[in-house]
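Structural features, examined
Spelled out, the chains give:
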Protein chains: 2
Amino acid sequence: MVSAHPDAQADTRTRIVRAAATLMQRQGYEATGIKRIAADAGATLGSVYHFFPGGKQELAVEALRYGSQEFTDLLRTGLDSTDDPAEAVAECARLMAQTLRDSDWSDGCPVAATALEFIGRSPAIQLASEEALGQWRELVAVRLAAAGIPVDDARDLACTVLSTLEGAELLCRVSASEQPLRIAARHLARLIRAY
Amino acid sequence: MVSAHPDAQADTRTRIVRAAATLMQRQGYEATGIKRIAADAGATLGSVYHFFPGGKQELAVEALRYGSQEFTDLLRTGLDSTDDPAEAVAECARLMAQTLRDSDWSDGCPVAATALEFIGRSPAIQLASEEALGQWRELVAVRLAAAGIPVDDARDLACTVLSTLEGAELLCRVSASEQPLRIAARHLARLIRAY
DNA sequence: GTCTATACCTCGATAGAC
DNA sequence: GTCTATCGAGGTATAGAC
């Protein structure tokens, strides 16, 4: 039998988390209803509460972790694409730009929209967001340090790399243009080469 | 008579817009209820719909424009603080960090949270967000060009300045730390000095 | 212009059969 | 584990007196 839903091969719990992650990435937490998540996942409301008795917030935390891993994969791909660390970071920006364009400016950072809705209002969600950002920063920092940049400089650079990528992505999505990430790629590469 | 509300001296319409701008800046559009806006503004629901017959979305557009002007003022203060363009941009980052800390990481970019909720879902709100970001970028570009940086370079630099400030602010808010903006200040200054 | 009351709807969450 | 039916709360928006 062929299912009407894209992720039919995965188990129900996974499909629910994926649907939640996608919707929250695109429109944030508050605009995303549980009924819609269930429908997109090809599951019923009962199943959602079966797997996530803690309700929407518990599911959201799981969705943030899931999306965080996907973004980690994208970063790893970019960072491992070449020996030159400056070029590797630029490649991350290009990968993000391409992913955004291919998804009609929908598939960006999986935590930004939700994180901004909950600053100071939900420890669980804020912590999950902080862990995601921290993990990405660490990934970049390790890559830069491996290229010979002093560890402290690498950590600071990684922070700015992440800041710039996040902000450029916001600008890209709002203006429906790849330009901010393309420009960020050039500037970040220049910044890194200065070390 | 002394009012219980902070903006009692302003007219009702202005108080409503201010309250909406503040709430949307802190938690986005969807989490912000009209009843709460009215209460914070010291107005009634009837007044809100009297001034904004188009409802919540019409009010949101006005709130974004209002917040946009406030952020423009902050940028102008930073950009005019010194002759050195690199130092001026760094000062913007420091002003943002200070504002964030003073508000318990609440008062950041007035459009980011709302904009991310509406990418591709509301032309009116997306346009208002795009206009705000474009205005800020133009402000920075003009300042850099005035310092002698070639116009095309200034425009690209302004784009990255804005990207980095926006992203660093996200990181600051999520991690409840000034560090990302402090680091961004240093890196942006270095990037600008290279021209 | 301001206010109260309320209509109408959708939300998150629950209950209980299967 | 999955499903349907439904509850209560809270949302936006409206009506109409003042």
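Computed from a predicted structure; not experimentally measured. Position numbers for residues start from 1 in each chain and track the written sequence from start to end. Naming scheme: in the order in which they are written, chains are lettered from A and ligands are numbered from 1. Per-residue local features of the predicted model are confined to residues with pLDDT of at least 70, and side-chain atom pairs are confined, for both listing and counting, to 80 or more; whole-chain, interface and lining totals are unaffected and use all residues. No hydrogens and no water enter the side-chain calculation; it runs on all heavy atoms of the structure.

With that settled, consider the UniProt feature "domain: HTH tetR-type" (unreviewed entry) in chain A. UniProt positions are given in the numbering used here, feature names are shortened, and annotations may be inferred rather than shown by experiment. Per the UniProt record, the feature "domain: HTH tetR-type" (unreviewed entry) sits at residues 10–70 of chain A. Taken end to end, residues 10–70 of chain A has its terminal C-alpha atoms 16 Å apart, with 75% of it in helix and 0% in strand. Secondary structure elements are defined from DSSP: runs of H or I of at least 4 residues count as helices, runs of E of at least 2 residues count as strands, and each element is numbered from the N terminus.

Among the secondary structure elements, B:S103 is positioned in the loop between α5 (85–102) and α6 (112–117). Polar contacts here mean pairs of N or O atoms no more than 3.5 Å apart (in protein, one a potential hydrogen donor and the other a potential acceptor; neighbouring residues in sequence count only if both atoms are side-chain atoms). A polar contact of 2.9 Å, which involves the side chain of B:S103, links it to the backbone nitrogen of B:D107.

With that settled, the discussion passes to the relation of the copies chain A and chain B. When the copies are overlaid, the least-squares fit takes in C-alpha atoms only where the residue has pLDDT of at least 70 in both copies. By a simple turn and slide, chain A fits onto chain B: the slide is 0.0 Å along the axis, the RMSD is 0.0 Å, and the turn is 180°. Considering both components of the superposition, the chain copies are consistent with a two-fold axis. A high fraction, 100%, of the interface residues of chain A reappear at the interface in chain B, so the copies pair face to face through one surface. Contacts are assigned to residue pairs with any non-hydrogen atoms lying within 4.5 Å of each other.

Criterion for a salt bridge: a side-chain nitrogen of Lys or Arg within 4 Å of a carboxyl oxygen of Asp or Glu. Enumeration over the complete set of coordinates arrives at 24 salt bridges over all chains. With a closest N to O distance of 3.0 Å, A:E138 and A:R155 form a salt bridge. With A:E138 in helix α7 (residues 123–146) and A:R155 in helix α8 (residues 151–175), this residue pair connects regions lying 17 residues apart in the sequence. Its relative accessible area of 39% is what places A:E138 among the partly exposed residues. Ionic pairing is found between B:R101 and B:E178, a salt bridge with its closest N-O pair at 2.2 Å. On the criterion of sequence distance, the pair formed by B:R101 in helix α5 and B:E178 in the loop between α8 (151–175) and α9 (179–193) is long-range, its members being 77 residues apart. The partly exposed category is assigned to B:R101, whose relative accessible area is 46%. A single salt-bridge network, built from bridges that share partners, covers A:D84, A:E87, A:E91, A:R94 and A:R193. Note on exposure labels: buried denotes an accessible area under 20% of the residue type's maximum, exposed denotes more than 50%, and partly exposed covers the range between, all computed with a 1.4 Å probe on protein chains only.

Turning our eyes to something else, we now look at unusual backbone geometry. The backbone of A:A176 shows a phi angle near 50°, a positive value even though the residue is not glycine. Mapped onto the elements of the fold, A:A176 is located in the loop between α8 and α9 (179–193). Not every positive phi belongs to a glycine, and B:D104 is a case in point at roughly 60°. Tracing the backbone through its elements, the reader meets B:D104 in the loop between α5 and α6. Since its relative accessible area comes to 61%, B:D104 is described here as exposed.

Another aspect to go through is the protein's contact with DNA strand C. Surveying the vicinity of DNA strand C reveals 14 residues, the closest of which are A:I34, A:L45, A:Y49, A:K56 and B:T12. Residues are classed as near a molecule or strand on a simple rule: at least one heavy atom within 4 Å of it. Here the atoms of DNA strand C within 4 Å of the protein split so that 56% fall in sugar or phosphate, with bases taking the remainder. At 2.9 Å, a backbone N or O of A:I34 approaches a phosphate oxygen of DNA strand C. Those elements giving two or more residues to the surface near DNA strand C turn out to be α2 (34–41) and α3 (45–51) of chain A together with α3 (45–51) of chain B. The greatest single-element share of the surface near DNA strand C, amounting to 4 residues, is contributed by α3(B). When the residues that make up the surface near DNA strand C are grouped by side-chain class, the tally is 4 nonpolar, 8 polar and 2 charged. Amino acid classes used here: Ala, Val, Leu, Ile, Met, Phe, Trp, Tyr, Cys and Pro are nonpolar; Asp, Glu, Lys and Arg are charged; the rest, including Gly, are polar.

On to the packing of aromatic side chains, then. Residues and elements named next belong to chain A. Ring pairs shown here join Phe, Tyr and Trp side chains whose ring centres sit within 6.5 Å, with only the six-membered ring taken for Trp; geometry is labelled stacked below 30 degrees between planes, edge-to-face above 60, and tilted in between. With the rule as written, the count across this model stands at 4 aromatic pairs over all chains. Look at Y29 and F118: their rings are 4.8 Å apart centre to centre, the planes differ by 85°, and that puts the pair in the edge-to-face class. Taken together, the residues Y29 in the loop between α1 (12–27) and α2 and F118 in the loop between α6 (112–117) and α7 connect sequence positions 89 residues apart. Any Lys NZ or Arg CZ found within 6 Å of a ring centre and within 35 degrees of that ring's normal is scored as a charge over the ring. Above the face of the Y29 ring, K56 is positioned so that its terminal group lies 4.2 Å from the ring centre.

Taken together, 14 residues form the shell around DNA strand D, and within it A:T12, B:I34, B:K35, B:Y49 and B:K56 come nearest. Protein-adjacent atoms of DNA strand D, using a 4 Å cutoff, are sugar or phosphate at a proportion of 56%. The separation between a phosphate oxygen of DNA strand D and a polar main-chain atom of B:T32 is 3.5 Å. One of the backbone nitrogen or oxygen atoms of B:K56 is found 2.9 Å away from a phosphate oxygen of DNA strand D. Breaking the surface near DNA strand D down by element, the ones donating at least two residues are α3 of chain A together with α2 (34–41), α3 and α4 (55–79) of chain B. The element best represented in the surface near DNA strand D is α3(A), accounting for 4 residues. Partitioning the surface near DNA strand D into residue classes produces 4 nonpolar, 8 polar and 2 charged.

Before going further, it helps to examine empty space enclosed by the protein. Each cavity reported here is a set of points on a 1 Å grid over the protein atoms alone in which a 1.4 Å probe fits but cannot get out, each pocket an open set with protein on both sides within 12 Å along at least five of seven lines, and each lining residue one with an atom within 4 Å of a point. Grid points are joined across faces, edges and corners, and a volume is the space filled by probe spheres set on the points. Throughout the structure, instances matching the rule amount to 3 cavities of 30 Å³ or more. In this model, the largest cavity occupies a volume close to 110 Å³. Residue assignment for the lining of the largest cavity shows that the elements contributing at least two residues are α6 and α8 of chain A together with α6 and α8 of chain B. Residue composition of the lining of the largest cavity, by class: 6 nonpolar, 2 polar and 4 charged.

To continue, consider the interface of chain A and chain B. Opposite the 41 residues of chain A that make contact, chain B presents 41 residues. Summed over both partners, buried area is the accessible surface (1.4 Å probe) that two parts give up on being assembled. When chain A packs against chain B, close to 3900 Å² is buried across both sides, 65% of that on carbon and sulfur atoms. Inspection of the region where chain A meets chain B yields 2 salt bridges. One salt bridge in this structure joins A:D156 and B:R186, with 3.0 Å as the shortest N-O distance. Across the chain A-chain B interface, the total number found is 15 residue pairs in polar contact (both at pLDDT 80 or more). Only α1, α6, α7, α8 and α9 of chain A provide two or more residues apiece to the side of chain A that touches chain B.

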